[in-house]
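What follows is the residue order along each chain.
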2 protein chains.
Amino acid sequence: MTIVDNSITLSKSELPQKWRNILPLLPTPLGPYRAPDGSDIPPAALGAIFPAQLIDQEFSPSEWVDIPEPVLEAYARWRPTPLVRARSLEAALKVRSKIYFKNESLSPSGSHKSNTALAQAYYNQAAGIARLATETGAGQWGTALSIAARHFNLAIRVYMVKVSLEQKPYRKTIMSLMGAEVLSSPSQLTQAGRAALAQDPQTPGSLGLAISEAVEEAASRPDTNYSLGSVLNHVLLHQTIIGLEVKKQLASIGQKPDYLIACHGGGSNFGGLVCPFVPEVLAGEKIQLLAAEPAACPSLTQGVYGYDYGDMAKLTPLMPMYSLGADFVPPAIHAGGLRYHGASPIVSALIKDGLAKAETVTAMEAFNRAKLFANTEYLVPAPESSHALALTCQKALDLEEAGTPGVLVFVLSGHGLLDLAAYEAAPRP
Amino acid sequence: MTIVDNSITLSKSELPQKWRNILPLLPTPLGPYRAPDGSDIPPAALGAIFPAQLIDQEFSPSEWVDIPEPVLEAYARWRPTPLVRARSLEAALKVRSKIYFKNESLSPSGSHKSNTALAQAYYNQAAGIARLATETGAGQWGTALSIAARHFNLAIRVYMVKVSLEQKPYRKTIMSLMGAEVLSSPSQLTQAGRAALAQDPQTPGSLGLAISEAVEEAASRPDTNYSLGSVLNHVLLHQTIIGLEVKKQLASIGQKPDYLIACHGGGSNFGGLVCPFVPEVLAGEKIQLLAAEPAACPSLTQGVYGYDYGDMAKLTPLMPMYSLGADFVPPAIHAGGLRYHGASPIVSALIKDGLAKAETVTAMEAFNRAKLFANTEYLVPAPESSHALALTCQKALDLEEAGTPGVLVFVLSGHGLLDLAAYEAAPRP
């Protein structure tokens, strides 16, 4: 018999060897980062917490950036990832649209976060840094950076948002297994943490606060740099490996996408998927770039565009982005990776200039579609990824009703095997 | 740059389309199954709990058995699985031997159990059965059969060994997500369960006892059949897909194996790996077929060969196998899938006839090597698979000391992402 192959795979030799930088392509150039007094921050000032090569990438005018060999070798442990046709999901939805998912859950950390974690760890090691400090929400970023730190021989401390640590204790187990030190945030180790605890000892914590703690530590220790899992331009740059592969994969089967959909917390997996397609959108191709954000933390759809801080304690520069306010503490939804008050400046610019759109998804919609996906594709999606999945299902149903089936691609940014507490807590039918 | 590819992959068209049956090749033919009075049990008597096609396979004289199309299609969702060169592990061990692992953790259930689960669910559905009853230890089998039951539209009840359910609560979550009903074993629903609870209300349960419960239920309900995740000949038959792929993969890179290593609980993953290589061993090729069993439950190395029951309540036929006694309750080690008093009749015959060997691994050795594997290959192995890994590491070190590096292949039978409680509980360095 002939066996149907639902996976569109690329060989190791087809792994993209450059990242795509869309900074020089943005119709409205990004404004500079600013200090509280409104003055521009010179890039070199970020040297207290980032290595020079990442700062260069943050503001790079080059359309393409070479991926260093050690990072490519690390990528090749699991990349290129398959683009998979979700035929069983299509059948369950009774739609004629083609639904594809980019399976980023196959990475060492189980999520797309490894794409930038390995790059950041590499550049820090190359710059002679011995130690990293970071934050993590749901734990995907902390896991990815813990593995990357081990790969490039760096020590690491992870501030994990308290509510996520309680919801997902085994995330700490796996990070510890990889050699990381994991703390509950807010902690007593930093001024930002102590201040938050003084104000509300019961605070569930937030990504914005955990960032403050990690940045404070990195800024105060010369051997330690800070590493951020989303938001920044260099993080989105590294994640473009996702969209670059999707582009090759769709081309290999002669398909053009109508919808490219990813969930949006800080913007790295959405940006990673869509940035490589921005030139086509600018050229007038009808590709909808669609961000799925949680109804409980609607930065893009209800936030205000302007300059805001990336963290709660206002230690980061002011950046031009959509934001719900740096002191916004999102409800303790299970999609911990989407609990961020702001948005990536690049994604914000795409939305502002009408090149991309955002829609909200409720936690219940996300859970119901996650269950359908598990029951049809036999993969348990992360709560974050379930938002992209839910919006994709909705768009496929809309297209069906309109009688115009299309091609939809979403990012399965991570698996949910370490998020089963979220499934356990979800309401039963 | 040229990227080193450590994965030996096969295309969908190279997926084996027949299973390998070594029953007709065994030097000493397997004795028949027997009743308590010593009389032979006619195969048809098993019809109360198994469909006819599986009973045929249990005693098949054919060297090859066609894999039905619906099972092949289901396999193709993730098979063929890659055979991966563990170069980073080799480097950490400082050995010149080549170590490969067959990555069965990529299945829908995260373990090799899906190979037989899908086949069994298919044959039951084809026979008009509406419902399955089964047991599960660590939860891998229960997860696999829950997914398979959903795929082939069967209802399913899973008796999960009490101590494993407590150690791994999220296994129940994932089985429930797939639509299964999960009970703690011993339960109050069966005579076997009630008797065990009466004798010791605190019993941790055991695979042998959970089997009794599921068999009792299947035997008493005409709409329900029983499904076993290991031990039986037809289960090993389905698992030969593992060894058949390994054979093709090694051939594709011109390698011959010196050691084929898998962990041994009931024998399905060990049998699945080695059975396809038995003809070569019979022909005099020097391939060591090596079973890694837990020191806490050493059925093959310290058990007695003879006729024994497959379950604690003595509801199954007597089978010729190595056994520690049907009433042996193994200590509550984390490798729940290896807590079985007996052994597959086929594996027992291979050991008895000197074609395969077994060695024990302590829980501590298994954990230490699991940590090394996680820190080098960035995959968290299941506690069961860690036994095979540990024995592989030991043999590679032995070969190094002897100055005779070789080719070692072990089965990564499952990932440990749902077993992180075991890692959390393990002693820290």
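Up top you'll find the structure we're talking about.
Just so we're clear, the structure is a prediction, and the values are computed from it rather than from any experiment.

Chemist: Break down the packing of aromatic side chains for me, with residues and values.
Modeler: Applying the stated criterion across every chain, the model contains 21 aromatic pairs over all chains. When the ring of Tyr-170 of chain A is compared with that of Tyr-170 of chain B, the centres are 6.1 Å apart and the planes differ by 80°; the resulting orientation is edge-to-face. Here Tyr-170 of chain A is found in helix 7 (residues 169-177), whereas its partner Tyr-170 of chain B is found in helix 7 (residues 169-177) on a different chain. Arranged with centres 5.2 Å apart and planes meeting at 70°, the rings of Tyr-305 of chain B and Tyr-322 of chain B form a pair that is edge-to-face. Of this pair, Tyr-305 of chain B sits in strand 12 (residues 304-309) while Tyr-322 of chain B is found in strand 13 (residues 318-323), placing the two residues 17 residues apart along the sequence. Here the aromatic cluster, defined as three or more aromatic residues joined through ring pairs, consists of Phe-101, Phe-373 and Phe-410 of chain A. Sitting over the face of the ring of Tyr-305 of chain A, Lys-352 of chain A holds its NZ or CZ atom 5.1 Å from the ring centroid.

Chemist: Any details on the pattern of salt bridges? Residues and values, ideally.
Modeler: Taken as a whole and judged by the stated rule, the model has 30 salt bridges over all chains. The salt bridge involving Asp-419 of chain A is made with Lys-168 of chain A; its shortest N-O contact spans 2.8 Å. Here the residue Asp-419 of chain A occupies a position in the loop between strand 15 (407-412) and helix 17 (420-425), and Lys-168 of chain A occupies one in the loop between helix 6 (162-167) and helix 7, the gap between them amounting to 251 residues. Overall, Lys-168 of chain A belongs to the buried group, its relative accessible area being 2%. In this structure, the salt-bridge partner of Lys-247 of chain B is Glu-280 of chain B, at a minimum N-O distance of 2.9 Å. Here the residue Lys-247 of chain B occupies a position in helix 10 (residues 233-252), and Glu-280 of chain B occupies one in helix 12 (residues 278-282), the gap between them amounting to 33 residues. Salt bridges here are not isolated pairs; linked through shared partners, they connect Arg-79, Lys-102, Glu-104 and Glu-245 of chain A.

Chemist: Before we move on, could you go through the relation of the copies chain A and chain B and cite the residues and values that matter?
Modeler: Taken as rigid bodies, chain A and chain B are interconverted by a rotation of 180° and an axial shift of 0.0 Å, the fit giving an RMSD of 0.0 Å. Overall, the copies show the geometry of a two-fold rotation axis. When C-alpha distances to the rotation axis are compared across chain A, the minimum falls at Leu-417 of chain A, with a value of 3.3 Å. The fraction of interface residues of chain A whose copies in chain B are also interface residues reaches 100%, indicating that both copies meet through the same surface.

Chemist: Would you mind going over the interface of chain A and chain B in detail, with residue names and values included?
Modeler: On the chain B side, the residues contacting the 37 residues of chain A number 37 residues. Broken down residue by residue, the surface that chain A buries against chain B is led by Met-1, Leu-177 and Tyr-378 of chain A, which jointly contribute 22%. The tally of links from chain A across to chain B stands at zero salt bridges. Applying the counting criterion to the chain A and chain B interface returns 12 residue pairs in polar contact (both at pLDDT 80 or more). Those elements that place two or more of their residues in the side of chain A that touches chain B are helix 2 (69-75), helix 5 (140-151), helix 7, helix 15 (363-377) and helix 17 of chain A. The leading source of residues in the side of chain A that touches chain B is helix 15 of chain A, at five residues. Residues that form the side of chain A that touches chain B fall into these classes: 21 nonpolar, seven polar and nine charged.

Chemist: Which residues make up the nonpolar core, and what are the values?
Modeler: The nonpolar side chains of soluble globular proteins are, as a tendency, buried together. Core analysis: the largest hydrophobic core is formed by 72 residues, its most contacted members being Trp-19, Tyr-75, Leu-260, Phe-270, Leu-289, Leu-300 and Leu-350 of chain A. Residues contacting Leu-260 of chain A, with those up to four places away along its chain left out, are Phe-270, Leu-273, Val-274, Phe-277, Ile-287, Gln-288, Leu-289, Leu-290 and Val-409 of chain A. Counting 71 residues, the second largest nonpolar core, distinct from the first, contains Tyr-123, Ala-180, Ala-343 and Val-409 of chain B.

Chemist: Account for the sheet that holds strand 11 (residues 288-294) of chain A, naming residues and giving values.
Modeler: Adjacent strands of a sheet form backbone hydrogen bonds with each other and so pair up, either parallel or antiparallel. All names here are of chain A. Ordered by their spatial adjacency, seven strands build an open sheet running 1-4-5-15-10-11-14, and the pairing between neighbours is mixed. Bordering the open sheet on either side are strand 1 (7-8) and strand 14 (357-361), each of which pairs with just one other strand. Across five bridges, strand 10 (residues 259-263) lies against strand 11 in parallel orientation. In the sheet register, Cys-263 faces strand 11, and the bridge partner there is Ala-292. Contacting strand 5 (98-103), strand 14 and strand 15, helix 15 crosses the sheet at an angle of about 90° to strand 14.

Chemist: Describe in detail the sheet that holds strand 15 (residues 407-412) of chain B, supporting the description with residues and values.
Modeler: Residues and elements named next belong to chain B. Taken in spatial order, the seven strands of this open sheet run 1-4-5-15-10-11-14, and their pairing is mixed. At either end of the open sheet lies a strand with only one pairing partner, and these are strand 1 (7-8) and strand 14 (357-361). With respect to the sheet, helix 15 (residues 363-377) is in contact with strand 5 (98-103), strand 14 and strand 15, its orientation differing from that of strand 14 by roughly 90°. Across the sheet, helix 16 (residues 383-402) is in contact with strand 5, strand 10 (259-263), strand 11 (288-294), strand 14 and strand 15; its angle to strand 10 comes to roughly 150°.

Chemist: Before we move on, could you go through helix 16 (residues 383-402) of chain A and cite the residues and values that matter?
Modeler: Taking 1.5 Å of rise per residue, the 20 residues of helix 16 of chain A would be expected to cover 28 Å, and the 29 Å separating its terminal C-alpha atoms lies within 8% of that figure. For helix 16 of chain A, a buried count of 15 out of 20 residues is recorded, marking the element as mostly surrounded by other parts of the structure.

Rules behind the numbers
- Residues numbered from 1 in each chain as written.
- Chains lettered and ligands numbered in written order.
- Predicted model: local features only at pLDDT ≥ 70, side-chain atom pairs only at ≥ 80, totals over all residues.
- Heavy atoms only, no water.
- Phe/Tyr/Trp six-rings, centres within 6.5 Å; stacked < 30°, edge-to-face > 60°.
- Helix = DSSP H or I, 4+ residues; strand = E, 2+ residues; numbered from the N terminus.
- Lys NZ or Arg CZ within 6 Å of the ring centre and 35° of its normal.
- Salt bridge = Lys/Arg side-chain N within 4 Å of Asp/Glu carboxyl O.
- Buried < 20%, exposed > 50% of the residue type's maximum accessible area, 1.4 Å probe, protein only.
- Least-squares fit on C-alpha atoms with pLDDT ≥ 70 in both.
- Contact = heavy atoms within 4.5 Å.
- Buried area = accessible area lost by both parts, 1.4 Å probe.
- Polar contact = N/O pair within 3.5 Å; in protein donor to acceptor, adjacent residues only side chain to side chain.
- Nonpolar A, V, L, I, M, F, W, Y, C, P; charged D, E, K, R; others polar.
- Core = buried A, V, L, I, M, F, W, Y, C linked by side-chain atoms within 4.5 Å.
- Pairing = 2+ DSSP bridges.
- Axes fitted to C-alpha atoms, helices over the stretch in contact; angles between N-to-C directions.
- Expected span 1.5 Å × (residues − 1).

So yeah, pure geometry; function would need other evidence.
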